[in-house]
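# Coordinate analysis (summary)
Chain residues, written in single-letter form:
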Amino acid sequence: MSKQINFSKLATHSKPGPRYTSYPTANEFNKNFNAKSLQNALKRADESYPDTPLSLYTHLPFCKSACYFCGCNVIYTNSESKKVRYIEYLQKELDLLENAMDTSRKVVQFHFGGGTPTFFSATQLDSIIKKIKKTFPNFTADCEVSCEIDPRYFNEEQMAILRENGFNRVSFGVQDFDSIVQENINRIQSVELVESCVKIARKYGVDSINFDLIYGLPAQNLVTFSNTLSKVLSLNPDRLAIFNYAHVPWVKSSMQKINESLLPNPTQKLEILEQTIKILTNNGYEMIGMDHFAKPGDELTKAQKKGELRRNFQGYTTKGFSQTIGLGLTSIGEGRDYYTQNFKDIASYENALNSGILPVNVGINLSSEDILRKEVIMSLMNNAFLDFDRISREFSIDFKSYFANELEKLKVMQDLELLELQDSSLKVTPTGTMLIRNIAMIFDTYLQKNSIQKFSKTI
């Protein structure tokens, strides 16, 4: 990215758009998809692709206080009884799943997300893990087993339990080390605190440590974020996820506490991102997808070079496609031809389970058109590359004829030097990765009929 970039010109392309952790996006999930729909989808998956491995996502939703930047579905509490009760209801959900699907299939990925998973005690985490492994006993030897960690709520006892149960990856929520930024987002944590957490993880032989950072937070600028990156590099994480802050106060009321006048504008955000890419690549990391970085020997880097990177609700993975089974409040599941999401409020979640019904709130069965466009969009998001011939073969179409309108629209992106259109492929340029969501949006038919204002800005 050595060429001089006109950020002001690129910034004019900032507009609301999906992040494409799914296609169709979660905004298209609907209540026509219910518990019976999920039962049918799980049965269909067992019969149609029984050899497809499983990915398990467990949502642990509790937090002690609000971080103003957070877009996750969380419950703020100090109640011990609520955590105990939640574990009981996870067991009920596991019992229903055991009767609804073949839970003996191979598990290649398991992830604790939140909320704050480590808000649960070591004993409670151990209990949850054992319940899940009893229901899904076939974890592969190379299974990715990971946990999101808030450094403010983490101790060695928890790490010992996680490692004992096979956890080999942890992700620390860092966001930013600047004290003024931290004050503005209500997330105070020192470099020394994070360093102590990293030392605990390294002590227990964790294979991969990831840091989550966010650019576009209030009071951030080139100097402050450069200082944050310097401190991050001193802690030597194996992977980094650098997320674009999504300011959606109409969705998350806690974001209303952020002073919008302090937010960097789109041009400033692009400058911070470009600087971040330069600093990290100059220090031995390689850019993966639209927002991840990893060291050259990392599995993510190797998978991207082979064109085998995949993206799901847990981020980027090297495991190829796996059927995601969501557990707990608001969790999302994914099959080859469906998405499902559990209830977001605890009362509805519990009521469904008390009635012996899988706690499905919304979802969607994918049409053949959805499946085709999902593959196109995810190929762009995963590998910044699109092989027209491969898509043509796999879906029995002529790519250039089928997507003639889209290819015509992409010429504008090519003129901006965001991508290179070849006779049988599309390659996103390094600059184009900064606007990869805009490129993917061209293939999204749902955006043509629905308002895009519900999404965060692409820059």
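Model, not experiment: these values are computed from the prediction.

### Comments concerning the overall build of the chain
- On a plain count of helices and strands, the chain comes out with 16 helices and 19 strands.
- Relative to a compact globule of 459 residues, whose C-alpha radius of gyration would be 23 Å, the chain shows 21 Å and is just as compact.
- A buried classification covers 60% of the 459 residues belonging to the chain.
- Partitioning the intrachain contacts of the chain with sequence separation of at least 6 by distance along the chain shows that 74% fall at a separation of at least 24.
- Only carbon and sulfur atoms are counted for the fraction: they give 47% of the accessible area of the chain, which is about 18800 Å².

### Some remarks on the nonpolar core
- Ranked by size, the top nonpolar core spans 127 residues in total, and within it Phe112, Phe136, Phe172 and Phe211 carry the most contacts.
- Take this core: its biggest share by element is seven residues, from helix α3 (residues 80-100).
- Split by domain, this core shows at least three residues from each of two domains, domain 1 (1-23 + 368-458) and domain 2 (25-327).
- With sequence-adjacent residues up to four places away left out, Phe112 is seen in contact with Thr58, Leu60, Pro117, Leu125, Ile128, Ile129, Ile132, Ser146, Cys147, Glu148 and Phe167.

### Structural notes on the UniProt feature "binding site: S-adenosyl-L-methionine 2" (unreviewed entry) in the chain
- In the numbering adopted here, UniProt assigns the feature "binding site: S-adenosyl-L-methionine 2" (unreviewed entry) to Phe69, Cys70, Gly71, Gly115, Thr116, Gln175, Arg187, Asp212 and Ala246.
- Tracing the sequence through the fold places Phe69 in the loop between β2 (62-63) and β3 (75-76).
- A residue is classified by how much of its surface remains accessible, and Phe69, at 10% relative accessible area, is buried.
- Residues in contact with Phe69, not counting those within four places in the same chain, are Gln175, Ile185, Arg187, Ile214, Leu217, Tyr245, Met255 and Ile258.
- Note on placement: Gln175 falls in strand β6 (residues 169-175).
- You can call Gln175 buried: its relative accessible area is 6%.
- Excluding its chain neighbours within four sequence positions, the residues that come into contact with Gln175 are Phe69, Ile185, Arg187, Asp212, Leu213, Ile214, Leu217, Gln220 and Phe225.

### Examining the UniProt feature "binding site: [4Fe-4S] cluster" (unreviewed entry) in the chain
- The UniProt feature table records "binding site: [4Fe-4S] cluster" (unreviewed entry) at Cys63, Cys67 and Cys70.
- Here Cys63 is to be found in strand β2.
- Contacts of Cys63, omitting those with residues within four sequence positions, involve Val74, Ile75, Tyr76, Thr77, Gly115, Thr116 and Phe119.
- Here Cys70 lies in the loop between β2 and β3.
- Beyond its immediate stretch of four places on either side in the chain, Cys70 contacts Lys252, Ser254 and Met255.

### Digging into the pattern of salt bridges
- Evaluation of the coordinates by the stated rule reveals 20 salt bridges.
- When the shortest N-O distance is used, the salt bridge between Glu375 and Arg390 registers 3.2 Å. In this pair, Glu375 sits in helix α12 (residues 368-383) while Arg390 sits in helix α13 (residues 388-395), placing the two residues 15 residues apart along the sequence.
- Members of the salt-bridge network, linked through shared partners, are Arg310, Glu375, Arg390 and Glu394.

### Let's talk about the packing of aromatic side chains
- For the coordinates displayed, the defined rule picks out 18 aromatic pairs.
- Taking the centre distance of 6.3 Å and the plane angle of 10 degrees together, the rings of Phe33 and Tyr338 count as stacked. One end of the pair, Phe33, is in the loop between α1 (7-11) and α2 (35-48); the other, Tyr338, is in strand β15 (residues 338-342), with 305 residues separating them in the sequence.
- According to the relative accessible area criterion, Phe33 is buried, its value standing at 3%.
- Pairing Phe399 with Phe403 gives two aromatic rings, centres 4.7 Å apart and planes at 45 degrees, and the pair type is tilted.

### Regarding the packing of α3 against helix α4 (residues 122-135)
- Running from N to C, α3 and α4 cross one another at 5 degrees; their axes reach a closest spacing of 10 Å. On the basis of the axis angle, α3 is roughly parallel to α4. Contact residues: α3 offers Glu80, Lys83, Val84, Ile87, Leu90, Gln91, Leu94 and Glu98, while α4 offers Gln124, Ser127, Ile128, Lys131, Ile132 and Thr135.
- Of the residues belonging to the contact of α3 with α4, the class tally is six nonpolar, four polar and four charged.

### As for the packing of α4 against helix α5 (residues 156-164)
- The contact between α4 and α5 brings their axes to 8 Å, and the two run at 15 degrees. As summarised for this structure, α4 and α5 are arranged roughly parallel, according to the angle between their axes. Two packed elements cross with a definite hand, and for α4 against α5 that hand is right-handed. Residues Ala122, Leu125, Asp126, Ile129 and Lys130 of α4 form the contact with α5, whose own contacting residues are Glu157, Gln158, Ile161, Leu162 and Glu164.
- Residue classes in the contact of α4 with α5 are distributed as five nonpolar, one polar and four charged.

### Topic: the pairing of strand β5 (residues 139-149)
- Counting buried positions along β5 gives eight out of 11 residues, so the element sits mostly inside the fold.
- Here five bridges tie strand β4 (residues 107-114) to β5, and the two strands are oriented parallel to one another. Of the residues in β5, the one forming a bridge with Phe110 is Val145.
- Between β4 and its parallel partner β5, the chain crosses via α4, and the hand of that crossover is right-handed.
- Pairing geometry for β5 and β6, over four bridges, is parallel. Within β6, the residue paired with Glu148 across the bridge is Ser171.

Cut-offs used in this document
- Residues numbered from 1 in each chain as written.
- Predicted model: local features only at pLDDT ≥ 70, side-chain atom pairs only at ≥ 80, totals over all residues.
- Heavy atoms only, no water.
- Helix = DSSP H or I, 4+ residues; strand = E, 2+ residues; numbered from the N terminus.
- Rg over C-alpha atoms; globule rule 2.2 N^0.38 Å.
- Buried < 20%, exposed > 50% of the residue type's maximum accessible area, 1.4 Å probe, protein only.
- Contact = heavy atoms within 4.5 Å.
- Areas by Shrake-Rupley, 256 points an atom, 1.4 Å probe, with all protein chains shown as cover.
- Core = buried A, V, L, I, M, F, W, Y, C linked by side-chain atoms within 4.5 Å.
- Domains from an automatic or database assignment.
- UniProt positions renumbered as here; feature names shortened; annotations may be inferred.
- Salt bridge = Lys/Arg side-chain N within 4 Å of Asp/Glu carboxyl O.
- Phe/Tyr/Trp six-rings, centres within 6.5 Å; stacked < 30°, edge-to-face > 60°.
- Axes fitted to C-alpha atoms, helices over the stretch in contact; angles between N-to-C directions.
- Parallel < 35°, antiparallel > 145°, perpendicular 65-115°, else oblique.
- Nonpolar A, V, L, I, M, F, W, Y, C, P; charged D, E, K, R; others polar.
- Left-handed = near helix turned anticlockwise from the far one by under 90°.
- Pairing = 2+ DSSP bridges.
- Right-handed = clockwise from strand over helix to strand, strands pointing away.

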